[in-house]
Amino acid sequence: MSNFAFLVADFIAGATERLPSLEDLEPWDVTARSINIVSRLTRGGVYVDESADVHPTAELIGPVYVGQGCSIGPHAVVRSGVWMGSDVVIGPGVEVARSFLFTGARLAHFNYVGDSLIGADVNLEAGAIIANRWNERENKRIEFVYEDAIHDAGGTERFGALVGDGVRIGANAVLSPGTLLKPKTVIKRLDLVQQLPRAPLTSAPPPL
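In this text, all values refer to a predicted model and were calculated from it rather than measured experimentally.

A closer look at the overall build of the protein
And then number 1: When helices and strands are tallied, the protein shows four helices and 23 strands.
And then number 2: For 208 residues, the compact-globule estimate of 2.2 N^0.38 gives 17 Å, and the C-alpha radius of gyration of the protein, at 16 Å, lies within 12% of that figure.
And then number 3: Expressed along its principal axes, the backbone C-alpha trace of the protein runs to roughly 50 × 45 × 30 Å.
And then number 4: Contacts in the protein between residues at least 24 apart in sequence constitute 34% of all its contacts with a sequence separation of at least 6.
And then number 5: Total accessible area on the protein is roughly 9,900 Å²; 50% of this is exposed by carbon and sulfur atoms.
And then number 6: The protein carries 18 positive and 24 negative side-chain charges, and their two centres are separated by 4 Å.

Next up, the structure:
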């Protein structure tokens, strides 16, 4: 088992039982391999359980797995390696890419979730964003904070968040790349979650 593979099971109870292929993978390796993982379940296409409700205007771009009792609202985009467990709700205007959403996770509307693992019974209020890449930094390698130390996420430049079971993320909050949220964490509305020390911008902002 790699150094941080235990994080998936510690933050999301039952994750490796639902998807045994995650057991030996670190969170950023899970999302990096999401297309392959989901493809094995769907033969590279889109699987929608017969009990799921997908609005006609939603766009599903495979490989995508939509589990039992899920709901996908108008104009949502679900693409490129997304796995949805049972009773997951994706609301209007939401975009999800290369991510795993476990039982009862709810993305209200106008959210973006990229390259992330979302635990059971997590709720994102309207407009909350999980960013997955550093736009403002020259060094775009993902780092994360665990037990008060900074660690490198295996050299990847694209990873959003590991969000534990029962987390609540308020409206218009933003999670920076590499965020880890322990189960039951509450993020207030409009919060910017940046667990790493702030890095200066690579260039000065343009004059007003």
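Past the structure itself, the notes keep going.
Some thoughts on empty space enclosed by the protein
And then number 1: The final tally for this structure, using the stated rule, is one cavity of 30 Å³ or more.
And then number 2: Trp 134, Glu 143, Phe 144, Ser 176, Pro 177, Gly 178, Thr 179, Gln 194, Gln 195 and Leu 196 together form the lining of the largest cavity.

Brief notes about the confidence of the model for the protein
And then number 1: For the protein, per-residue confidence averages 94 on the pLDDT scale, and residues scoring 70 or more make up 94% of the total.
And then number 2: Counting interchain partners and residues more than four positions distant, the pLDDT-below-50 stretch residues 200–205 has four contacts.

Here's the deal with the sheet that holds strand β7 (residues 82–84)
And then number 1: As summarised here, the arrangement of the seven strands in space is β1-β4-β7-β10-β13-β18-β21, forming an open sheet in which the pairing is parallel. Edge positions in the open sheet fall to β1 (46–48) and β21 (179–181), since each of these has one partner strand only.
And then number 2: In terms of strand pairing, strand β18 (residues 161–163) meets β21 through three bridges, oriented parallel. Note that in β21 the partner of Val 163 across the bridge is Leu 181.
And then number 3: Along the sheet face, helix α4 (residues 34–42) touches β1, β4 (64–66), β7 and β10 (100–101) and points at about 60° away from the line of β4.

A short note on the packing of aromatic side chains
And then number 1: Taken as a whole, this structure holds 10 aromatic pairs when the rule is applied.
And then number 2: For the pair Phe 4 and Phe 6, a centre-to-centre distance of 6.0 Å together with 35° between the ring planes defines the contact as tilted.
And then number 3: Seen from their ring centres, Phe 4 and Tyr 146 are 5.9 Å apart, and the 85° between their planes marks the pair as edge-to-face. Pair noted here: Phe 4 is in the segment before α1 (6–11) and Tyr 146 is in strand β16 (residues 143–146), with a separation of 142 residues, a long-range link. Across the pair, Tyr 146 and Phe 4 agree in class, each one buried.
And then number 4: Pairwise contacts between aromatic rings join Phe 4, Phe 6, Trp 28, Phe 144, Tyr 146 and Phe 159 into one cluster.
And then number 5: The ring of Trp 134 has Arg 137 lying over it, and the distance from NZ or CZ to the ring centre is 3.7 Å.

Notes on the nonpolar core
And then number 1: Formed by 32 residues in total, the largest nonpolar core has its most connected members in Met 84, Ile 90, Val 163 and Ile 169.
And then number 2: Among the secondary structure elements, those contributing two or more residues to this core are β4, β7 and β18.
And then number 3: Beyond its immediate sequence surroundings of up to four residues, Ile 90 is in contact with Ser 71, Ile 72, Gly 73, Ala 76, Val 78, Met 84, Val 96 and Leu 107.
And then number 4: Formed by 26 residues, the second largest nonpolar core is a distinct cluster that contains Leu 7, Val 8, Leu 19 and Ile 142.

As for the environment of Gly 44
And then number 1: Mapped onto the secondary structure, Gly 44 falls in the loop between α4 and β1.
And then number 2: Through-space distance from the C-alpha of Gly 44 to that of Gly 62 is 6.4 Å; in sequence the pair is 18 residues apart.
And then number 3: Apart from residues lying up to four places away in sequence, Gly 44 is in contact with Ser 39, Gly 62 and Pro 63.

Rules used in this analysis
- Residues numbered from 1 in each chain as written.
- Predicted model: local features only at pLDDT ≥ 70, side-chain atom pairs only at ≥ 80, totals over all residues.
- Heavy atoms only, no water.
- Helix = DSSP H or I, 4+ residues; strand = E, 2+ residues; numbered from the N terminus.
- Rg over C-alpha atoms; globule rule 2.2 N^0.38 Å.
- Contact = heavy atoms within 4.5 Å.
- Areas by Shrake-Rupley, 256 points an atom, 1.4 Å probe, with all protein chains shown as cover.
- Lys, Arg positive; Asp, Glu negative; His and termini not counted.
- Charge placed at Lys NZ, Arg CZ, Asp CG, Glu CD.
- 1 Å grid on protein atoms, 1.4 Å probe; cavity = no way out; pocket = protein on both sides within 12 Å on 5 of 7 lines; lining within 4 Å.
- Points joined across faces, edges and corners; volume = space filled by probe spheres on them.
- pLDDT = per-residue confidence, 0-100.
- Pairing = 2+ DSSP bridges.
- Axes fitted to C-alpha atoms, helices over the stretch in contact; angles between N-to-C directions.
- Phe/Tyr/Trp six-rings, centres within 6.5 Å; stacked < 30°, edge-to-face > 60°.
- Buried < 20%, exposed > 50% of the residue type's maximum accessible area, 1.4 Å probe, protein only.
- Lys NZ or Arg CZ within 6 Å of the ring centre and 35° of its normal.
- Core = buried A, V, L, I, M, F, W, Y, C linked by side-chain atoms within 4.5 Å.

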